[in-house]
Amino acid sequence: MTEYPTPQQSAARPTGGGARTATPVAGHADAARAALPEPRDDRRASERTATASQDAPHSIPAQPPDPAASPPAPETGHTRPAGGDEEHASRLRPGAPDRPGRGTAPGAVEHPTGDERAERERRGGDRLRFVGAATRRIARGVDLDETVLGLCRATVPAFADAILVYLRDPLPVGDERPTGPALLRLRRTDRLPDYAAPAPADQDGSDTGEFPLPLLAVPPEGAGSGASELIEVRGGGPLAEVLRGVRPVFGDAPTAREALPELLGPGRDVPAGRRAILAPLRGRRRVIGAAVFLRRPDRAAFESDDLLVAAQLATHTALGVDKAVLYGREAYIADELQRTMLPDELPQPTGVTLASRYLPAAETARVGGDWYDAIPLPGGRVALVVGDVMGHSMTSAAIMGQLRTTAQTLAGLDLPPQEVLHHLDEQAQRLGSDRMATCLYAVYDPVAHRIVVANAGHPPPVMLHRDGRAEVLRIPAGAPIGVGGVDFEAVELDAPAGATLLLYTDGLVESRHRDVWTGIEHLREKLTETAGLTRPDTPPPLEPLCDEVLDILGPGDRDDDIALLAARFDGIPPSDVAYWYLDPRAQTARQARRLARRALERWGLEELTDSVELLVSEVVTNAVRYAERPITLRLLRTDVLRCEVGDDVPQLPRLRQARATDEGGRGLYLVNRLARRWGATRLSTGKVVWFEIPLP
């Protein structure tokens, strides 16, 4: 008779102060990639569906085994009909002996009494309710660990006293067909404590009055403990045969007696008789693991109908594992896609400090169309970009990636902000008729302490001044990108040193509970409140400020993904800037060397005079050779000494190795050897060649 203890009786069983132990076993695969034997198509035992009407496993009290009862007949591994216990089967066999006290004629078929039928129906109902509750618990799992844990917690102690769950290592994904040796890794175990029953009167108990009921014999000292964590399935071996058969088998079946030692490891004893079930886990395509159910000797053995229960548990677990693996792969792809669409790290240009945050709309929607970017420009300037493509799906993320790449390319051409938005609008129309997005593009000049902003239907930025006053910048809203046929307008604003500019997407200020302008006002108040926590005329730290801004989101306010970009304007003092216009004449190189030397003397950088004069002479000579209009020379003293030479020729210089007979071609080679960094940027009016030298 199958025993399903009720929760009350399970809690009443003495445990010796110990609790049920759940041991997760995790580990990475070595390098093996496995292919288990393909299962046979016969899955009648494992595909019988059971429905349930209760949420927790329903059980009946466990009773001690009857010493007078005859031992169960050996199991061959085939599933018996429901309700077909040994006593009933013997009565159905022709010529079977009569039960004592019953006057049945030889050869007559004895029918069960009403009480026996009621008891059998009650036990069948208990099984159905247990299977229904257990499968619901397994199905609640989303990831792999939750699914396996649901199986363990649903079966111990209601169905078994211990369970071991093995899964392929690595697990195949979808239609992937693994190759190489078949490996199974112990994913999780769950069991009742060893000390779980009072000591009999004729035995010496421990100090707690209990004695151990081991499920697996403890190996000798030095041989490790517990079951094997990683085993290789031998092709054509007994374990492979059981896995190929798909259906669960009792531990005393001929194939299982050889398969269990291969699975659990040598020297591991399992309970005798029908107190062990080995159930293969078959997913949608192939066998992905195995589960072992064990009962202690003091508990009634499994019955034939319990094979059907084990088959249902194994089937639902395998399908849940398949679902979890697919979900994990999709989540990984989404995370990688979103990560590569956004900057790995923000640049740290001169005169500005940057910080950013990104939050997806929800765990189930990991990708979206929000993006932010910071792009260094010639002259120490930096472009600040934030945008939002409609939706938060793979398609939105793909469109966002294309628009972000386009914006970076246009920024490299040093186009005005309104021109950048115009070209983005054209690009969005080329991507499709319904590809719409909002975008805000700003260029900050740390030398002039000015910022130029153009908007395409995006929420306005908020500036936090040094004195703690928060201001919503008044800029033309413009039409979203993708509408087509509209002009964009740029405005130039002051960007005083110590001020902080916040660019954000509408997910930060808009939700189902408030409109955009209410959220913007809430954001402004939050910035003012945060600034009041610092000393007067001291801007708050940038990273904590971003965290405080995100705190304006209340429960249930996350309807959209959020991109946040914060820029602290430090600027470059005028005393650290030297700027000249030079006519393209033969004497210009000498004039440039003299001006650079005077600037270095004023800054106390005489140690750099020789190298700076040499590099300035080479770069200015190249500019004078081809320029038709006045060239520019600018020196910036920050954490490095930066020199910029601009002319009206769009062709960019290229570094090349001059031959021994060449008269020129060595200027950029010297720049490359003496400068820490150098580069050339094409502008709308020509180009700028720059180099940097570290300060002494």
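What counts, and at which threshold
Residues numbered from 1 in each chain as written. Predicted model: local features only at pLDDT ≥ 70, side-chain atom pairs only at ≥ 80, totals over all residues. Heavy atoms only, no water. Pairing = 2+ DSSP bridges. Helix = DSSP H or I, 4+ residues; strand = E, 2+ residues; numbered from the N terminus. Axes fitted to C-alpha atoms, helices over the stretch in contact; angles between N-to-C directions. Buried < 20%, exposed > 50% of the residue type's maximum accessible area, 1.4 Å probe, protein only.

## What to know about the sheet that holds strand S22 (residues 640-647)
Phase 1 of the analysis: Taken together, the five strands give an open sheet; going across it, the order is S20-S21-S22-S24-S23, and neighbouring strands pair in antiparallel fashion. Taken across any chain shown, the strands that pair with only one partner, and hence form the sheet edges, are strand S20 (577-582) and strand S23 (677-683). This sheet shows a mean twist of 15 degrees between the axes of neighbouring strands, independent of strand direction.
Phase 2 of the analysis: Judged from the seven bridges that link them, S23 and strand S24 (residues 686-694) form a sheet pairing that is antiparallel. Opposite arginine 677, over in S24, you have glutamate 692 as the bridge partner.

## Some details on the pairing of strand S14 (residues 450-456)
Phase 1 of the analysis: With respect to burial, S14 is a largely interior element, five of its seven residues being buried.
Phase 2 of the analysis: Inspection of the sheet shows strand S13 (residues 437-445) paired to S14 by seven bridges, in the antiparallel sense. Note that in S14 the partner of tyrosine 441 across the bridge is alanine 454.
Phase 3 of the analysis: Remark: four residues form the turn of the hairpin made by S13 and S14, two consecutive strands paired antiparallel; histidine 449 in that turn has positive phi of roughly 55 degrees.
Phase 4 of the analysis: As paired strands, S14 and strand S17 (residues 490-494) are joined by five bridges and run antiparallel to one another. Looking at S17, one finds that valine 452 is bridged to glutamate 492.

## Thoughts on the environment of valine 389
Phase 1 of the analysis: Mapped onto the fold, valine 389 is located in strand S12 (residues 382-389).
Phase 2 of the analysis: Counting along the chain gives 48 residues from valine 389 to alanine 437, while the straight-line C-alpha distance between them is 4.2 Å.

## Regarding the sheet that holds strand S10 (residues 352-359)
Adjacent strands of a sheet pair through backbone hydrogen bonds, lying either parallel or antiparallel.
Phase 1 of the analysis: Strand order in the open sheet made by the five strands is S10-S19-S18-S15-S16, with antiparallel pairing throughout. Edge positions in the open sheet fall to S10 and strand S16 (470-472), since each of these has one partner strand only. In this sheet, adjacent strand axes meet at a mean angle of 20 degrees when their direction is disregarded.
Phase 2 of the analysis: Bridge analysis of strand S18 (residues 500-504) against strand S19 (residues 562-569) gives five bridges, and the strand direction is antiparallel. Counterpart to threonine 500 in the pairing with S19 is arginine 568.

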